[in-house]
Amino acid sequence: MAVAPRLFGGLCFRFRDQNPEVAVEGRLPISHSCVGCRGERTAMATVAANPAAAAAAVAAAVAVAEDREPQREELPGLDSQWRQIENGESGRERPLRAGESWFLVEKHWYKQWEAYVQGGDQDSSTFPGCINNATLFQDEINWRLKEGLVEGEDYVLLPAAAWHYLVSWYGLEHGQPPIERKVIELPNIQKVEVYPVELLLVRHNDLGRSHTVQFSHTDSIGMVLRTARERFLVEPQEDTRLWAKNSEGSLDRLYDTHITVLDAALETGQLIIMETRKKDGTWPSAQLHVMNKHMSEEDEDFKGQPGICGLTNLGNTCFMNSALQCLSNVPQLTEYFLNNCYLEELNFRNPLGMKGEIAEAYADLVKQAWSGHHRSIVPHVFKNKVGHFASQFLGYQQHDSQELLSFLLDGLHEDLNRVKKKEYVELCDAAGRPDQEVAQEAWQNHKRRNDSVIVDTFHGLFKSTLVCPDCGNVSVTFDPFCYLSVPLPISHKRVLEVFFIPMDPRRKPEQHRLVVPKKGKISDLCVALSKHTGISPERMMVADVFSHRFYKLYQLEEPLSSILDRDDIFVYEVSGRIEAIEGSREDIVVPVYLRERTPARDYNNSYYGLMLFGHPLLVSVPRDRFTWEGLYNVLMYRLSRYVSKPNSDDEDDGDEKEDDEEDKDDVPGPSTGGSLRDPEPEQAGPSSGVTNRCPFLLDNCLGTSQWPPRRRRKQLFTLQTVNSNGTSDRTTSPEEVHAQPYIAIDWEPEMKKRYYDEIEAEGYVKHDCVGYVMKKAPVRLQECIELFTTVETLEKENPWYCPSCKQHQLATKKLDLWMLPEILIIHLKRFSYTKFSREKLDTLVEFPIRDLDFSEFVIQPQNESNPELYKYDLIAVSNHYGGMRDGHCMCQAVGGACWGVIRTFPVSD
């Protein structure tokens, strides 16, 4: 329907079917233009300074408009316009919805439009004309909004539908862009984002040239990255990442590309740097480690086979390097990182993860190793990341390679977990249901909380069966696993090296190598030694000697597990007991230490220090010789192999005065000052004033000396009662009255040098059994798997709560393999730990390199159409060389059709 024409600024507009028909009155020629938009069709009327030219242009426009007239819609009435703009579903009063587009309209123009439609007269002089937002712009080149514009004073906001209505009815000033803004959702509020964030995008290698780009607060960092890649024409195969320069001038990585600009706290005018990964897999921002400063130009231009790359040993980090090399040679996982599939699956909000940092650090390492541009790389950044999230790996101590691999797989899984919010899953027992049903339910429950490339590649399923020994209740559950930790068949025998000390002083100590039961007793060791020596086990005492003293004297019923492989075990031939029994005629066994007096650095040299030396002895003393002189003579006999007797020239009768004093007691008793004369009764200490008897228990069974010396002879050493450590004299305290007595032989330095032969004292002979090496037959890997699936009884420290008995029971447990993963990791448990010992099992394990068949161990019904389902080829092996205290880890990996040894390079200055 046609409406009356409207005069405006020298132009006469007549709107019909929402398309303008233009006529020229010719009174006010103007040079600006107005554009009216409806969908994709636009009609433009231009008034030039020349009326004739203007008339021709208008005539052409009218002809075009009339040709299209059948397709036009009628211009609604003023009341209808008001309702559609203000009150309708598309009007200003509608609520804000996040993500919608709203448009800014200059307040003066909108007020004029309101006056026009509310006046009710379409011929009114208040006709607003084209929408003109010129007063809202700072300039007409970049079309940036002025700062500090206020809604209601400078502009009004219209939803997208209302804006399009007004533009189609009145048009938009030519050349002006629409001012479109998004509705964003802030905490507890929704608002139109009038001022978007303007970021300065630059490249890392061209910081002088920037691109100013507007982003909504709700745009993701991924949108910023995509925009930067488009602006800088980055190739699709190139890796890029963003850094934000903060107010302090430092750079912060924008890790999570899924968070918004608002969450990343980016502000207008902030510099965003896009970094591109180099061809060798490194980032320009990653500074070379100090150990790479010696790299030559030849190394910089190196081009080798991707994946054949060493890792520098940072100091006891061979365990980490070996695990990394093994994992790097898993094709599925390495391709996953090389193809950047991990970028879309990084989980930065997983409370169990490492905020994606472990996954990114490992990805950087893989890309460097597989770039083919490195002979070796320094895993310094990765090591710091591991230490940051797992404090046990801080520093440069030795660790187990499998422990690092376990942590890394778990960290990668949580960093790449596709499940963003884990739901609660209740574990259900089989309760008599078929295994297939229970296993499928368990796997689905596992995937509901754990879904990552690690699960897809490395996770399998166990079947665990527990049987109560009392009520017979059977509990069946299915549990996921990431690797198999299989035990090695353990030998029930062990080899112990001991030194046998015979009573015959003419015989030297003998070194023996004995094969004894691992779970045997000390008596078993004596029986084994008896077969070599011919000495009855009842005549043997076993001791642990450490630092010239008895660390422990073993009883026959004690377990052999209390003896460590590194212990120095001495077995003494004795003829009695170490405990004195009243009324018994057996010899008494006395522990004897050797000490040397050394003058202390004192101002008057009045104090003498005592230092233990040599090997201690267990000496059998007959009861009838249990005096100081008798003990002295027994010790002289036992030491005769390496202690020489003084000759006649060395005899010293002393003067008469000394003889008179010595006649009081011809026997050298306990002494602390090196004198051969007896101390006063109050200084006798353990002797309790008795100077002619040994200060032992049961003094009533010890008689006086039976061999008074015919004449005074020179004494080579003195005797002193000491404690079990041999470091101090015994006292008469109640605690020590009933303690085992120990005797110390104290030597003066000159006497020891003259009469004591240290070389002969340390001499020993090796028995023929020392050359014996217990042969260990190699075991097959299948034997380890069989042992893993064997029924076992739970230990007392780890009982099972039976839901039927309502008690903790030592149930029997059996593990079976139900489902195996695509990549199977097998951990050989070579380190054995007990209460008393730790050892590394050096049993050789044999396995095939190709077609290792596990089908006999998988109890899940197998697919007969795919017989290769459970056959595995070897990818890599992490080897540990050495023992418990030290060693070295090395990786051997299969590359193509050949093996390669991937070494760890030592630290260099």
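Conventions we followed
Residues numbered from 1 in each chain as written. Predicted model: local features only at pLDDT ≥ 70, side-chain atom pairs only at ≥ 80, totals over all residues. Heavy atoms only, no water. UniProt positions renumbered as here; feature names shortened; annotations may be inferred. Helix = DSSP H or I, 4+ residues; strand = E, 2+ residues; numbered from the N terminus. Buried < 20%, exposed > 50% of the residue type's maximum accessible area, 1.4 Å probe, protein only. Phe/Tyr/Trp six-rings, centres within 6.5 Å; stacked < 30°, edge-to-face > 60°. Axes fitted to C-alpha atoms, helices over the stretch in contact; angles between N-to-C directions. Parallel < 35°, antiparallel > 145°, perpendicular 65-115°, else oblique. Left-handed = near helix turned anticlockwise from the far one by under 90°. Contact = heavy atoms within 4.5 Å. Nonpolar A, V, L, I, M, F, W, Y, C, P; charged D, E, K, R; others polar. Core = buried A, V, L, I, M, F, W, Y, C linked by side-chain atoms within 4.5 Å. Pairing = 2+ DSSP bridges. Polar contact = N/O pair within 3.5 Å; in protein donor to acceptor, adjacent residues only side chain to side chain. Lys, Arg positive; Asp, Glu negative; His and termini not counted. Salt bridge = Lys/Arg side-chain N within 4 Å of Asp/Glu carboxyl O. Expected span 1.5 Å × (residues − 1). pLDDT = per-residue confidence, 0-100. Arc of directions from axis to C-beta.

By the naming in an unreviewed UniProt entry, the chain goes by ubiquitinyl hydrolase 1 and is assigned to Macaca fascicularis. In its Catalytic activity (unreviewed entry) section, the UniProt entry covering the chain states "Thiol-dependent hydrolysis of ester, thioester, amide, peptide and isopeptide bonds formed by the C-terminal Gly of ubiquitin (a 76-residue protein attached to proteins as an intracellular targeting signal)."

Draft legend 1. Fine view of the overall build of the chain. Regarding its fold elements, the chain presents 20 helices and 47 strands. The buried share among the 909 residues of the chain stands at 44%.

Draft legend 2. A look at the packing of aromatic side chains. With the rule as written, the count across this model stands at 30 aromatic pairs. Measuring from centroid to centroid gives 5.3 Å for Y110 and W113, while their planes differ by 35°, and the two rings are tilted. One end of the pair is Y110 and the other is W113, both in helix 3 (residues 107–119) and three residues apart, which spans about a single turn. Since its relative accessible area comes to 0%, Y110 is described here as buried.

Draft legend 3. Quick peek at the packing of helix 9 (residues 357–369) against helix 10 (residues 380–389). Closest axis-to-axis distance for the helix 9/helix 10 pair is 9 Å, and the angle between their directions is 160°. Compared by their axis directions, helix 9 and helix 10 come out roughly antiparallel. Here helix 9 runs over helix 10; the crossing is left-handed. Facing E357, I358, A361, Y362 and L365 of helix 9, the residues of helix 10 in contact are F382, K385, V386 and F389. Within the contact of helix 9 with helix 10, the residues separate by chemical class into seven nonpolar, no polar and two charged.

Draft legend 4. A look at the nonpolar core. Counting residues in hydrophobic clusters, the biggest one holds 43 residues, and the most contacted among them are L327, L333, F337, Y362, F382, L412 and F458. The biggest single contributor to this core is helix 9, with eight residues. Listed in part, the 28 residues of the second largest apolar core include F613, V634, L635 and V643.

Draft legend 5. Quick look at the environment of Y637. Within the secondary structure, Y637 sits in helix 15 (residues 628–638). As a C-alpha pair, Y637 and R506 span 131 residues in sequence and 9.8 Å in three-dimensional space.

Draft legend 6. Structural context of the sheet that holds strand 13 (residues 240–245). The mixed open sheet is built from five strands, whose spatial order is 12-11-15-13-14. Strands at the two margins of the open sheet, each flanked by one partner only, are strand 12 (206–215) and strand 14 (251–253). Neighbour-to-neighbour, the strand axes of the sheet open up by a mean angle of 35°, direction not taken into account. Judged from the six bridges that link them, strand 11 (residues 197–203) and strand 12 form a sheet pairing that is antiparallel. Among the inter-strand pairings, L200 is bridged to a residue of strand 12, identified as T212. With respect to the sheet, helix 5 (residues 221–231) is in contact with strand 11, strand 12, strand 13 and strand 15 (271–276), its orientation differing from that of strand 12 by roughly 130°.

Draft legend 7. Quick look at the side chain of S452. With respect to the helices and strands, S452 occurs in the loop between helix 12 (435–449) and helix 13 (453–458). Using a relative accessible area of 0% as the deciding quantity, one classes S452 as buried. Polar contacts involving the side chain of S452 include one to the side chain of H413, which spans 2.7 Å. S452 has contacts with H413, L416, N417 and R418, leaving out every residue within four places of it along the chain.

Draft legend 8. Examining the side chain of K383 more closely. Turning to its location among the elements, K383 is positioned in helix 10. For the buried K383, no salt bridge is present, and the opposite-charge side chain at shortest range is E403, 13 Å distant. The residues contacting K383, other than those within four sequence positions of it, are L314, T317, M320, F393, L394, G395 and Y396.

Draft legend 9. Spotlight on the pairing of strand 9 (residues 180–186). Relative to strand 9, strand 6 (residues 101–106) runs antiparallel, the two sharing three bridges. Looking at the pairing, S101 lines up with K182 of strand 9. Looking at chain direction, strand 9 and strand 10 (residues 189–192) are connected through four bridges and run antiparallel. Counterpart to E185 in the pairing with strand 10 is Q190. Linking two consecutive strands that pair antiparallel, namely strand 9 and strand 10, is a turn of two residues; a positive phi of about 70° is found at N188 within it.

Draft legend 10. View of helix 14 (residues 522–533). Given a rise of 1.5 Å per residue, 12 residues ought to cover 16 Å, and the 17 Å separating the end C-alpha atoms of helix 14 matches this to within 8%. Looking at the buried side of helix 14, the elements it contacts are strand 21 (493–501), strand 22 (510–517), strand 23 (540–546) and strand 25 (569–573). In the stretch just after helix 14, G534 is the one whose phi turns positive, near 80°.

Draft legend 11. Molecular detail of the sheet that holds strand 21. Spatially, six strands are ordered 24-23-25-21-22-32 in an open sheet, and the strand pairing comes out mixed. What marks the edges here is a single partner per strand, and that holds for strand 24 (549–553) and strand 32 (765–766). Here strand 23 runs beside strand 24; their pairing, made up of four bridges, is antiparallel. Note that in strand 24 the partner of F546 across the bridge is R549. Sheet strands in contact with helix 14 are strand 21, strand 22, strand 23 and strand 25, and its direction is about 130° off that of strand 22.

Draft legend 12. Geometry of unusual backbone geometry. Despite not being glycine, L233 has its phi angle at roughly 55°, a positive value. With respect to the helices, strands and loops of the structure, L233 is situated in the loop between helix 5 and strand 13. Classification of L233 as exposed rests on a relative accessible area of 70%. With a phi angle near 60°, N316 is a residue other than glycine that sits in the positive phi range. Since its relative accessible area comes to 37%, N316 is described here as partly exposed.

Draft legend 13. Focus on the pattern of salt bridges. In this structure the tally under the stated criterion is 37 salt bridges. A salt bridge links R209 to D206, with the nearest nitrogen and oxygen atoms 3.4 Å apart. By relative accessible area, R209 is classed as exposed at 52%. Overlapping salt bridges, with partners in common, bring together E345, R418, K447, D451 and D456 in one network.

Draft legend 14. A look at the confidence of the model for the chain. When the pLDDT values of the chain are averaged, the result is 78; 76% of them are 70 or greater. Segment residues 288–298: pLDDT under 50, and 11 contacts once partners within four positions in sequence are set aside and those in other chains are kept. Across residues 653–712, confidence stays below pLDDT 50; counting only partners more than four residues off in sequence or on other chains, it has 98 contacts.

Draft legend 15. Fine view of helix 10. All of the buried residues along helix 10 are F382, K383, V386 and G387. Projection of helix 10 onto a plane perpendicular to its axis shows the buried side chains occupying an angular sector of 135°, all on one side. The exposed residues of helix 10 that point more than 90 degrees off its buried face are V381 and H388.

Draft legend 16. Structural view of the pairing of strand 25. In terms of burial, strand 25 is a largely internal element, five of the five residues being buried. For strand 21 and strand 25, the ladder comprises four bridges, and the chain directions are parallel. The residue of strand 25 that forms the bridge with V498 is I569. In this sheet, strand 25 lies alongside strand 23 in antiparallel orientation, the contact comprising five bridges. Residue pairing in the sheet places M541 in a bridge with Y572 of strand 25.

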